[in-house]
Amino acid sequence: MSKILVTSALPYINGVPHLGHMVGCLLPSDVYARFMRMTGHEVLYIAGTDEHGTTSEVGALKAGMNVEDYCQMNHQRHRQTYHDFNLSFDCFGRTSSKQNREMTYEIFEALNKNGFIEERAVKQIWSNDDKMFLADRYITGTCPYCGYEKARGDQCENCTKVLEPTDLINAKSTISGSSNLEVKESKHLFLSLPKIEPKLKEWLKSKEAFWPDVAYSIAMKWLKEGLEPRCITRDLKWGFSVPKKGYEDKVFYVWFDAPIGYLGITKQWADEKPDERNFKDWWLTGDDVYYVQFMGKDNVPYHAITFPATLLGTGENYKKVDILKGFSYLTYEGGKFSKSENRGIFAEDAIKEFEADYWRYFLMSNIPESSDSSFSFDLFASVINKDLNGVLGNFVSRVLKMTASKFGNTIPAGGKTTELENTMLNTVQNHIDRYFKYMNALEFRKALSELRAIWVEGNNYITAAEPWTVIKEDENRAAAILRVCANLIRIFALLSAPITPQTAEKMLQAFSLNLGDADLKDFDVSKQIEFLKEGHSFEVGEPLFERISPERTLELKTKYGSTQP
RNA sequence: CGCGGGAUAGAGCAGCCCGGUAGCUCGUCAGGCUCAUAACCUGAAGGUCGUUGGUUCAAAUCCUUCUCCCGCAACCA
């Protein structure tokens, strides 16, 4: 047994999560955490809302609320959604917590003491009407190169030229629309990445063999281009005020305190039960801890460069990431998810249409691992109907119904197993071994394909054994076959539990069992196949899943703004 | 010449690192079964592996040209 620390990139509090957010870090981290718990490891699974920054301030402004209440409200909304998707966080915290404030200050002080914090003057755009400095993104105007009227302060989307906000003609604030802007100079604190670079490079090189290609190549690209000092403060109200003389009216940049949130939220978790939980065991003295981070590819630079550099710069022995798993993006019917254009399906709505396991299974089996992948309701319906209904649900149904009608509602006695069972068990064990291997290696598509192959073996077996024919001649042999099948149901439930926990519970409940402390460690199918004995009662129950009709698919497409009717 | 990822049957993907008969799932077609959810099982058809040139006895795989898609480009997070 080892200790495994799992974190998911912290979702930003302002937006409502869509399926892309779910599949890009939250869901796979949960599947991994569940799998590791079930294979006998001590797991700490941490996530939470990332709350600071301009976007929250503007969001609160537009909602007519103060930022604290606005974040509190949205935090609850996120929390509820993830609860509905059965994400099994040990702690779902907030980057605005007092624990994170302490943590951020502690790390900042260490960096400052070690000489990795420098001061620089920065020219910024001040909006007299908004009474705030505007990030480049919040300024639009006419592009001086191509005349495009909606160019942003950092870049013109039309001609792709990189701009300074001062280049724009008729520059305006996107917040108020005001053009009453001026350039002001302001002093800010920078993290001296170049000074930390040698240590960082050494650390990063040691990860080459372990990180997925996407993550490692993105990290190396940044190093190749050379690191520059990075600004870690902002002229905002919403954030942790900077504990340094002359900077009291500024706050830390959201990207400085957000990843520190992993530590802060761990403290939050430890503070709930100080007698039995300890922050240090996981983050400071945790040489026995294996740390796996999940995130979308846009997050990789921060987790591979800035955050490790921050931790290295403290000089403390903070735990740094062992495996950084980056995902590509899920697109919607070939385009982008967009709330404003009502395109795409958002997590809150998704859960109203189908319960979590439909989404969990579909998303994990189509997770954007090697490149972007596209969500479509046609694909969704086909996967749900074929895999969950046709293969898994139907197997459970045919076995339980046949057993009940021929032998009553208890597992029948008598009969012997044959070579047929041995062959089947061998095949299943091989799939299980590969399933475990891929789950450990975070190769989710391959893992899911093995899981499906395991379910398929159930149908293969019952077809080959044909108990419905055998029973006419040899009732005992038919009993033996159905006993094996009943045990397969239990085995399928245990193996599927990390992906589809609710369904696993349902399958076990049919035998009055529950998941409880179910253990997948050293899973030996030839022993497990004898777990349920003759005389064990069961209930047939309703089908595990509902089929999705072509009409329903069309309805969903229309409702959620698909471009392909 | 900014950087990275991707392009393989109608659809979604694996194979590429380490060259040796192009594979999986869905869909389609045919057959089987009748325990089960229009389900399940078996078989078949379907691909000059985005493009150009090269290395090699041999290239999806290694090198090169170009095209298209996605993301990033450090002050959105």
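Source: prediction; values computed, not measured. (Residues numbered from 1 in each chain as written. Chains lettered and ligands numbered in written order. Predicted model: local features only at pLDDT ≥ 70, side-chain atom pairs only at ≥ 80, totals over all residues. Heavy atoms only, no water.)

What to know about the overall build of chain A
Working step 1: Along the backbone of chain A there are 19 helices and 16 strands.
Working step 2: In summary, chain A has a C-alpha radius of gyration of 27 Å against a globular reference of 24 Å for 565 residues, a match within 12%.
Working step 3: Principal axes of the C-alpha set define a box for chain A whose edges measure 90 × 55 × 40 Å.
Working step 4: In chain A, which comprises 565 residues, the proportion classed as buried is 57%.
Working step 5: Look at the contacts in chain A between residues 6 or more apart in sequence, and 77% of them connect residues 24 or more apart. (Helix = DSSP H or I, 4+ residues; strand = E, 2+ residues; numbered from the N terminus. Rg over C-alpha atoms; globule rule 2.2 N^0.38 Å. Buried < 20%, exposed > 50% of the residue type's maximum accessible area, 1.4 Å probe, protein only. Contact = heavy atoms within 4.5 Å.)

Considerations on a negative patch on the surface
Working step 1: Together, Glu 42, Asp 281, Asp 287 and Asp 288 make up a region of like negative charge exposed at the surface.
Working step 2: Looking at the element boundaries, Asp 287 is found in the loop between helix 8 (279–283) and strand 13 (289–296).
Working step 3: Under the relative-accessibility criterion, Asp 287 is labelled exposed at 68%. (Patch = residues over 30% accessible without salt bridge, like charges linked within 9 Å, V, L, I, M, F, W, Y side chains within 5 Å. Areas by Shrake-Rupley, 256 points an atom, 1.4 Å probe, with all protein chains shown as cover. Salt bridge = Lys/Arg side-chain N within 4 Å of Asp/Glu carboxyl O. Lys, Arg positive; Asp, Glu negative; His and termini not counted. Charge placed at Lys NZ, Arg CZ, Asp CG, Glu CD.)

A closer look at the protein's contact with RNA strand B
Working step 1: Taken together, 51 residues surround RNA strand B, and among them Arg 137, Lys 336, Asp 372, Asn 394 and Lys 401 come closest.
Working step 2: For RNA strand B, a sugar or linking oxygen lies 2.4 Å from a polar atom in the side chain of Asn 394.
Working step 3: Measuring from a base oxygen of RNA strand B, one finds a side-chain N or O atom of Arg 547 at 3.0 Å.
Working step 4: If you list the elements that add at least two residues to the surface near RNA strand B, you get helix 2 (54–63), helix 6 (213–225), helix 7 (254–272), helix 12 (377–407) and helix 14 (444–465).
Working step 5: For the surface near RNA strand B, the element with the highest residue contribution is helix 12, accounting for 11 residues. (Near = heavy atom within 4 Å. Polar contact = N/O pair within 3.5 Å; in protein donor to acceptor, adjacent residues only side chain to side chain.)

Concerning the sheet that holds strand 13
Working step 1: Across the sheet, which stays open at both edges, the 5 strands sit in the order 3-2-1-13-14 with parallel pairing between neighbours. Edge positions in the sheet fall to strand 3 (91–94) and strand 14 (323–327), since each has one partner strand and no second. Taken over all neighbouring pairs, the strand axes of this sheet differ in orientation by 20° on average, direction set aside.
Working step 2: In terms of strand pairing, strand 2 (residues 42–49) meets strand 3 through 4 bridges, oriented parallel. Residue Ile 46 lies in a different strand from strand 3, and its bridge partner there is Cys 91. (Pairing = 2+ DSSP bridges. Axes fitted to C-alpha atoms, helices over the stretch in contact; angles between N-to-C directions.)

What to know about the packing of aromatic side chains
Working step 1: According to the stated counting rule, one finds 35 aromatic pairs in the structure shown.
Working step 2: With a centroid separation of 5.7 Å and an interplanar angle of 55°, the aromatic rings of Tyr 32 and Phe 294 are classed as tilted. Of this pair, Tyr 32 sits in helix 1 (residues 19–38) while Phe 294 sits in strand 13, and the two are 262 residues apart along the sequence.
Working step 3: The buried category is assigned to Phe 294, whose relative accessible area is 0%.
Working step 4: Through a chain of ring-to-ring contacts, three or more aromatic side chains come together here, namely Tyr 332, Phe 354, Tyr 358, Trp 359, Phe 362, Phe 375, Phe 377, Phe 380, Phe 545 and Tyr 560.
Working step 5: The residue whose ring lies beneath Lys 267 is Phe 279, and the NZ or CZ to ring-centre distance is 5.1 Å.
Working step 6: When the ring centre of Phe 531 is taken as reference, the NZ or CZ atom of Arg 490 above it lies at 3.5 Å. (Phe/Tyr/Trp six-rings, centres within 6.5 Å; stacked < 30°, edge-to-face > 60°. Lys NZ or Arg CZ within 6 Å of the ring centre and 35° of its normal.)

A word on the pattern of salt bridges
Working step 1: For the structure shown, the criterion picks out 22 salt bridges.
Working step 2: Close ionic contact of Arg 94 with Glu 51 constitutes a salt bridge, the shortest N to O distance being 2.7 Å. Remark: Glu 51 occurs in the loop between strand 2 and helix 2 and Arg 94 occurs in strand 3; sequence separation between them is 43 residues. Assigned by exposure class, Arg 94 and Glu 51 land together as buried.
Working step 3: Of the charged contacts in the structure, one is a salt bridge between Arg 434 and Glu 450, with a shortest N-O distance of 3.1 Å. Residue Arg 434 is located in helix 13 (residues 419–440), and its partner Glu 450 is located in helix 14; the two are separated by 16 residues in the primary sequence.
Working step 4: Classification of Glu 450 as buried rests on a relative accessible area of 10%.
Working step 5: Here the residues in one salt-bridge network are Glu 353, Glu 546, Arg 552 and Lys 559, joined through shared partners.

A few points about the environment of Tyr 361
Working step 1: In this structure, Tyr 361 sits in helix 11 (residues 356–365).
Working step 2: Considered as a pair, Tyr 361 and Ile 548 are 187 residues apart in the sequence and their alpha carbons are 15 Å apart.
Working step 3: When neighbours within four sequence positions are excluded, Tyr 361 is seen to be in contact with Val 383, Asp 387, Leu 388, Leu 448, Arg 452, Trp 455, Ile 499 and Thr 500.

Digging into the domain arrangement of chain A
Many authors give the size of an interface as the accessible area that is lost as the parts come together.
Working step 1: Under the domain assignment used here, chain A contains domain 1 (3–106 + 256–358), domain 2 (115–197 + 206–234) and domain 3 (377–528).
Working step 2: The straight-line distance from the C-alpha centre of domain 1 to that of domain 3 is 34 Å.
Working step 3: Between domain 1 and domain 3, the contact holds 23 residues from the first and 22 residues from the second.
Working step 4: Interface area for domain 1 against domain 3, summed over the two sides, is near 2,000 Å², with a carbon-plus-sulfur share of 68%.
Working step 5: Where domain 1 touches domain 3, the interface holds 1 salt bridge.
Working step 6: A salt bridge links Glu 355 to Lys 506; its shortest N-O distance comes to 3.3 Å.
Working step 7: Along the contact surface separating domain 1 from domain 3 lie 6 residue pairs in polar contact (both at pLDDT 80 or more).
Working step 8: Those elements that place two or more of their residues in the side of domain 1 that touches domain 3 are helix 1, strand 13, strand 14 and helix 11.
Working step 9: It is helix 1 that provides the largest number of residues to the side of domain 1 that touches domain 3, a total of 7 residues.
Working step 10: Residue composition of the side of domain 1 that touches domain 3, grouped by class: 15 nonpolar, 3 polar and 5 charged. (Domains from an automatic or database assignment. Buried area = accessible area lost by both parts, 1.4 Å probe. Nonpolar A, V, L, I, M, F, W, Y, C, P; charged D, E, K, R; others polar.)

A few points about the pairing of strand 4 (residues 117–127)
Working step 1: Here strand 4 runs beside strand 9 (residues 181–191); their pairing, made up of 11 bridges, is antiparallel. Paired with Ala 121 across the strands is Lys 187, a residue of strand 9.
Working step 2: Relative to strand 5 (residues 132–134), strand 4 runs antiparallel, the two being bridged by 3 bridges. By the bridge assignment, Trp 126 is partnered in strand 5 with Phe 133.
Working step 3: Linking strand 4 to strand 5, which pair antiparallel, is a turn of 4 residues; within it Lys 131 sits at a positive phi near 55°.

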